[in-house]
Amino acid sequence: MSIGAPVLRRSTPATAAPLVTPTGAGILHLGLGSFHRAHQAVYTAAALAADGGDWGIVGVASRSRSIVEALHAQDFLYSVATIAPGSTSLAIPGVHTDAFVGADQPERVIAQIADPAIRIVTLTVTENGYSYSPATQRLDLDDATVRADLHGGPARSTVGQLARGLQARAAAGGTPIAVLSCDNLASNGAHTEKLVREFLHELPGSEGAEALAFLDRSVSFPSSMVDRIVPATTTELRSRVSALLEARDDVPVPAEPFTMWAIEDRFAGGRPAWEAGGAVFTDEVGRYEQMKVRLLNGTHSLIAYLGALRGVGTIPDAIGLDAIENAARAVLRDEYEPSIEVPSGVDIRAYESELFERWANSALGHRTSQVGTDGSVKLRQRIPEPALLALGKGAMPHLIALTVAGYLSCLAPLPGFDPGAHAAAMTDGARERLAGLAATARDGRELARRVIGELHLFGDELGAQDAFIARVGELIDTIRRHGVDAAITDAVSASSTITKELQS
Ligand code: CS2
């Protein structure tokens with residue numbers, strides 16, 4: 001599509017379906033990235049189409065000006081391109097009524113949370129956005145932004161914004177509201193509430209008291225499990241979508257056909273009819289979260305790190321390699337599945353075989369470097385509990401140990417080991433610190449001891465598991481000396497031996 005083509009607007013003739021028109025905004029969303037736009041926005045469009053109402057969304061991008069400028073230029077419209085092997089279909093949610101950059105207008109975030117017209121604040125700020133310490137799971141009081149937020153001035157951390165916004169809302173009359181986390185964190189609602197309360201308790205004197213009483217009375221923090229694979233947008237997708245629309249869409253989002261949302265039905269200020277888009281309201285969100293965060297996300301991390309170490313750029317190419325597929329099947333069957341309680345009505349065999357189909361969707365081109373990014377916070381959610389459960393039963397979780405060994409080999413390579421370009425493209429807040437530890441480590445065992453045992457990157461409890469730490473170290477050394485395939489063979493065969501022993 002040429003640069004001169006008209007920009008996507010509400011008047012664009014070729015929009016895929018009649019657009020919904022919210023009558024007002026009842027939702028403030030923090031984190032205007034691709035995932036939110038391909039997930040919650042699509043469910044909200046279905047809810048508005050079925051039920052109408054003032055559940056439009058004001059989107060807050062934490063820093064990105066380009067997405068906000070593009071949405072303003074496009075009447076807040078963009079396309080979601082559902083990409084299946086051999087077909088692409090477009091939908092335009094059309095549910096956003098405004099968008100702004102939180103870092104540029106921090107006071108506006110607080111004012112919007114306080115506005116009684118807003119009845120739900122939703123969050124997709126990634127595992128990284130909750131300012132908690134991975135070791136303790138508590139609010140990270142060493143974090144400079146959190147410290148500044150506690151001292152006053154417009155809050156800039158998500159937890160600070162929520163706490164300050166709810167404080168302002170309490171002072172302005174305390175209309176009920178729900179805060180809904182849509183990030184891949186275990187018990188994400190309870191976790192968010194705990195961090196907000198910790199922030200309010202840290203305020204000097206009784207400054208947080210009114211807000212804490214408001215939380216007790218009129219604020220709910222439902223948990224939710226979100227699922228849809230959403231790769232990064234590419235220039236190629238922009239041109240393809242623009243050609244299909246005959247209008248320029250600068251911010252389309254690619255997504256897989258599969259989508260799932262399980263939500264706890266506790267909305268203090270009401271909610272849209274998200275079930276119209278297929279959302280499941282259930283008391284078993286905890287089970288859905290565990291199933292998803294371990295089976296999908298945990299295995300995804302394994303595929304990403306092993307794939308990157310094999311020099312492979314995408315998840316479908318990685319899962320297409322027999323060795324990696326074997327490792328993925330083994331971690332699912334032997335280490336993640338025994339750690340979960342399957343939600344009622346879910347056929348776990350069908351769920352798992354669908355996972356393999358989803359990972360193999362080559363048309364999506366999901367990058368190993370994207371899934372491998374931010375492992376320090378993602379793995380904290382994905383691996384410690386299942387690893388501890390296995391260790392508690394006397395079984396070594398070899399494939400979880402391999403996941404960690406793969407992560408450390410990618411992010412903190414020992415001197416002389418080159419993990420390749422895909423590993424180099426992974427970003428991680430802990431990269432520098434880990435690289436420093438690796439630079440002077442004699443071998444994998446020492447690196448694993450420093451990261452897991454001393455830094456407690458995966459929490460205090462796993463930090464005390466010497467046998468696990470030693471196994472991670474051994475596998476790092478195998479990757480370095482004999483390559484990633486040798487480490488996979490070692491871990492998979494050790495795992496099947498244990499499984500047989502446990503069964504006999
Ligand atoms: C992935 C997730 O990047 C990652 O770590 O595991 O983003 C995954 O694609 C989504 O959670 C799928 O719902």
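Since this is a predicted model, take the numbers as computed values, not measurements.

What counts, and at which threshold
- Residues numbered from 1 in each chain as written.
- Predicted model: local features only at pLDDT ≥ 70, side-chain atom pairs only at ≥ 80, totals over all residues.
- Heavy atoms only, no water.
- Axes fitted to C-alpha atoms, helices over the stretch in contact; angles between N-to-C directions.
- Helix = DSSP H or I, 4+ residues; strand = E, 2+ residues; numbered from the N terminus.
- Parallel < 35°, antiparallel > 145°, perpendicular 65-115°, else oblique.
- Left-handed = near helix turned anticlockwise from the far one by under 90°.
- Contact = heavy atoms within 4.5 Å.
- Near = heavy atom within 4 Å.
- Polar contact = N/O pair within 3.5 Å; in protein donor to acceptor, adjacent residues only side chain to side chain.
- Areas by Shrake-Rupley, 256 points an atom, 1.4 Å probe, with all protein chains shown as cover.
- Nonpolar A, V, L, I, M, F, W, Y, C, P; charged D, E, K, R; others polar.
- Domains from an automatic or database assignment.
- Phe/Tyr/Trp six-rings, centres within 6.5 Å; stacked < 30°, edge-to-face > 60°.
- Lys NZ or Arg CZ within 6 Å of the ring centre and 35° of its normal.
- Expected span 1.5 Å × (residues − 1).
- Buried < 20%, exposed > 50% of the residue type's maximum accessible area, 1.4 Å probe, protein only.

Caption draft 1: Just the packing of helix α10 (residues 285-309) against helix α17 (residues 398-411), in detail. Where α10 meets α17, the closest approach of the two axes is 9 Å, and the angle between their N-to-C directions is 50 degrees. In terms of axis orientation, α10 runs oblique to α17. For the element pair α10 and α17, the recorded crossing hand is left-handed. Facing α10, whose interface residues are S301, L302, Y305, L306, A308 and L309, α17 presents L399, L402, T403, G406, Y407, S409, C410 and L411.

Caption draft 2: Region of the structure containing the site of the ligand. Every residue lining the ligand is accounted for by N184, D227, R228, I229, K292, N297, H300, H366, Q370, V371, K378 and R382. Note that an oxygen atom of the ligand is positioned 2.5 Å from one of the side-chain N or O atoms of K292. A distance of 2.9 Å separates an oxygen atom of the ligand from a polar side-chain atom of K378. Surface burial for the ligand is 89%, taken as the share of its 340 Å² of free accessible area covered by protein chains. For the shell around the ligand, the secondary-structure elements that each account for two or more residues are α10, α14 (368-372) and α15 (375-382). Here the shell around the ligand gets 3 residues from one element, more than from any other, and that element is α10. A per-class count over the shell around the ligand returns 2 nonpolar, 5 polar and 5 charged. Built from parts of two domains, the shell around the ligand gets at least three residues from each of domain 1 (13-281) and domain 2 (285-503).

Caption draft 3: Layout of the packing of aromatic side chains. Under the defined criterion, the tally for this structure stands at 6 aromatic pairs. When the centroid spacing of 5.2 Å and the interplanar angle of 65 degrees are considered together, the rings of Y43 and W261 count as edge-to-face. Residue Y43 is located in helix α2 (residues 40-51), and its partner W261 is located in strand β11 (residues 260-263); the two are separated by 218 residues in the primary sequence. For the ring pair Y305 and Y407, a centre distance of 5.5 Å and an interplane angle of 65 degrees mean the geometry is edge-to-face. Taken together, the residues Y305 in helix α10 and Y407 in helix α17 connect sequence positions 102 residues apart. An aromatic cluster of at least three residues, connected via ring pairs, comprises Y43, W261, F267 and W274. The ring of Y78 is capped by R37, whose NZ or CZ atom sits 5.1 Å from the centre of that ring. In this arrangement the basic side chain of R271 is found over the ring face of F281, its NZ or CZ atom lying 3.6 Å from the centre.

Caption draft 4: Here's a closer look at helix α22 (residues 466-482). Helix length check: α22 (17 residues) gives 24 Å between terminal C-alpha atoms against 24 Å at 1.5 Å per residue, within 8%. The complete set of buried residues in α22 reads F468, I469, A470, R471, V472, G473, L475, I476, D477, T478 and I479. Backbone geometry just downstream of α22 places G483 in the positive-phi region, at approximately 95 degrees.

These figures come from the coordinates and say nothing about function on their own.
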